[in-house]
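Read off the chains here:
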Amino acid sequence: MSPNDGRTIIIASDDNIVLMSPPLIDRRLKNNNSNDGTASSTPATSTSSSPYLQPSTPPHVPSGFALQLNDAISTADLEQQEDTSNGNIVVSSSSIRNDAVIASPASQKSLRTHNPIRAIVDPIMAHSIKCGKERGDGKDQISLALGDPTAYGNIPPCPVIISAITDALQAPGMAAGYVNAVGTAEARHAIHKYHYPNANNTNLDDREAKTNIVVTSPDDVIVANGASGALELGLTALLDEESVLLVPRPGFPLYQVIAESHGARVVHYDLLPNQGWECDLDHIDRIISEEEENAHDVSTKVVRGIVVNNPSNPTGAVYSEEHLMQIVKLAEKWNVPIIADEIYGDLVFGNNVFHPMANVASKLGYTVPIITASGLGKQYLIPGWRLGWLIFQDSRHGSIQDVKKGAQRLAQVVLGASRLAQVVIPAVLDPCNESDVAAIAQWKENLYTQVEDQAALLCGLLKECQGLEVIHPQGAMYAMVKIHARLFDEDIYDDVSFMKLLLEEENIVVLPGRAFGMGQEEERDTPVFRVVFCAPEDVLRCASERISSFCSRHAM
């Protein structure tokens, strides 16, 4: 047998089929022969001796596969028979150990993919007991950690969405076929109209003739599998290995997960808790300056984008138009695109106002390209339906046309979001009749009032807990709570120890600030944890009472 004859080795045992390329089996045989001086003299065995062996259609071992045998085979044990029908070598052995397996290496992308929340929380949650009866103290587990507004079922989805999907299911064809990978024409038109309600108030030719005007259209929209899928498309089209993405700290970890999976580097910029969690503009400026100064190739842009999440997860911050303008001007200074994660949209409280980043950039003359990620999941309470989108608003210099085309190509890999689910996008973003318009408006008013009331309730109760300081949210579904560790006993010294003990003693789940990029250095003085306030009022009260008891028990 020649090491390069291209034939596949099939090793059949009673439990599995093991595949080896000829060079690997040759090397194994030679090593065994040189070690014990014994050649294989075992008689040939019929291929029918193994029910797993199908020599007529032998599996092929792709390049890159390796076999870990753990010295499971010795030459004297091997029984060989050449399958004359296809030239493969069939090796049968009753003495091959069960640990002989194909070992295919994981891709580098998969090895680079790590979710920091899972890395921190899973080991702590692994031994938790949800049922209070099983714990022996009657304290059922209450989670203030999961960012799913539907988890407790106390806030129903928009009824117009339910009607739209019901009608689609009863219609001929049931919206069951394939559609364009970037989304249905109806969905993209509705998304564009929703984000640019005044786009058609001026003649298109007149607008294009005006200086410094960027015209967007439904062609600039890509419908994706949730806002997370939209961010995956956008960042994949934008980033290369060793390129840099700026993300907020604290911030939603998905940006880091996506970027690092592609071999890009993530650099965190600080948010300022004492200034309503605004972006630290000086820190962003220093980061970009240092990265570009240290670039090996001055012809290639190192910093590819700045992620801005507004309203914010995990902080609940809602940025003023003035602050957003400052961010755009800084991005203009460095010619860096902005990725605007706006999944929570206008879910804001009190007098706070949501200002879309694309609108802010347009007011400043379209000097900075904006890639907006949004969706229906959080604003209309259907996160499991996975309906999100990207909108590419370019600069007046045409900065991201290639990025948009790249995202459109990437969308073809998964052929877009569910066609059935997409029927609800025009139903809620561009309703056809007045009754639906009124129903949507009433539902949103009720939703926002309920969420704001629940935020006020939980934050008000936590404010009374010893050693805690609540940073009141302005929108979204989250609030950050400071832990004044110096006011607690030695068992509580940071955010992770607080979370772990709270779970053990009170069966309450919160997320530590470290899950959102805040390291020990940043948290030395003010460790924090995040809470979600979407649970029913009675659950929030119960959770607050347990947290209060916990804090009192550990207070100095």
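Residues numbered from 1 in each chain as written. Predicted model: local features only at pLDDT ≥ 70, side-chain atom pairs only at ≥ 80, totals over all residues. Heavy atoms only, no water.

Draft legend 1. Here's a closer look at the overall build of the protein. Regarding its fold elements, the protein presents 19 helices and 20 strands. Among the 556 residues that make up the protein, the fraction classed as buried is 51%. Expressed as a percentage of contacts within the protein between residues at least 6 apart in sequence, the contacts between residues at least 24 apart total 73%. Carbon and sulfur atoms provide 49% of the accessible area of the protein, an area that totals close to 25,700 Å². (Helix = DSSP H or I, 4+ residues; strand = E, 2+ residues; numbered from the N terminus. Buried < 20%, exposed > 50% of the residue type's maximum accessible area, 1.4 Å probe, protein only. Contact = heavy atoms within 4.5 Å. Areas by Shrake-Rupley, 256 points an atom, 1.4 Å probe, with all protein chains shown as cover.)

Draft legend 2. The confidence of the model for the protein, seen in detail. When pLDDT is averaged along the protein, the result is 83, and 78% of the positions lie at 70 or above. Between residues 1–26, whose pLDDT stays under 50, and residues either more than four places distant or in other chains, the model counts 81 contacts. Scored below 50 in pLDDT, residues 32–85 shows 105 contacts in the model against residues more than four places distant or in partner chains. (pLDDT = per-residue confidence, 0-100.)

Draft legend 3. Seen up close, the packing of aromatic side chains. Under the definition given, this model contains seven aromatic pairs. Plain terms: the ring middles of Phe488 and Phe498 are 6.3 Å apart, the flat faces sit at 70 degrees to each other, and that makes the pair edge-to-face. Of this pair, Phe488 sits in the loop between strand S17 (478–483) and helix H17 (495–506) while Phe498 is found in helix H17, placing the two residues 10 residues apart along the sequence. Each member of the pair, Phe488 as well as Phe498, carries the same accessibility label: buried. Aromatic rings pair up to connect Phe488, Phe498, Phe529 and Phe550 into one cluster. (Phe/Tyr/Trp six-rings, centres within 6.5 Å; stacked < 30°, edge-to-face > 60°.)

Draft legend 4. Inspection of the sheet that holds strand S8 (residues 221–225) at higher detail. Read across the open sheet, the eight strands follow the order S8-S15-S14-S13-S12-S9-S10-S11; overall the sheet is mixed. With one partner strand each, in any of the chains shown, S8 and strand S11 (278–279) form the two edges of the open sheet. Pairing between strand S13 (residues 338–341) and strand S14 (residues 370–375): four bridges, direction parallel. Bridge pairing in S14 links Ile338 to Ile370. Of the strands in this sheet, S8, strand S9 (244–249), strand S12 (303–309), S13, S14 and strand S15 (387–393) touch helix H8 (residues 226–238), which is tilted by about 120 degrees from S8. In the packing of helix H10 (residues 281–293) onto the sheet, the strands contacted are S9, strand S10 (265–272), S11 and S12, and the crossing angle to S10 comes to about 160 degrees. (Pairing = 2+ DSSP bridges. Axes fitted to C-alpha atoms, helices over the stretch in contact; angles between N-to-C directions.)

Draft legend 5. Just the pattern of salt bridges, in detail. Under the criterion given, the structure shown has 19 salt bridges. Ionic pairing is found between Arg118 and Asp122, a salt bridge with its closest N-O pair at 2.8 Å. Of the two residues, Arg118 and Asp122 are both situated in helix H3 (residues 116–125); the distance of four residues between them amounts to about one turn of the helix. Of the charged contacts, one joins Lys404 and Asp220 as a salt bridge, the two residues approaching to 2.9 Å between their closest N and O atoms. Of this pair, Lys404 sits in helix H13 (residues 401–411) while Asp220 sits in the loop between helix H7 (204–209) and S8; the two residues are 184 residues apart in sequence, bridging distant segments of the chain. Of the two residues, Lys404 and Asp220, both sit in the buried class. Salt bridges sharing common partners tie together Lys139, Glu505, Glu506 and Arg553. (Salt bridge = Lys/Arg side-chain N within 4 Å of Asp/Glu carboxyl O.)

Draft legend 6. Layout of helix H19 (residues 537–554). Its 18 residues place the ends of H19 26 Å apart at the C-alpha level, agreeing with the 26 Å of an ideal helix rising 1.5 Å per residue. Listed in full, the buried residues belonging to H19 are Val539, Leu540, Ala543, Ser544, Arg546, Ile547, Phe550, Cys551 and His554. Along the axis of H19, the buried positions cluster into a sector of 165 degrees, meaning they face one direction only. Within H19, the exposed residues directed more than 90 degrees away from the buried face are Asp538 and Glu545. On its buried side, H19 packs onto strand S7 (142–143), helix H16 (434–463), strand S16 (468–471), H17, strand S18 (508–509) and strand S20 (528–532). (Expected span 1.5 Å × (residues − 1). Arc of directions from axis to C-beta.)

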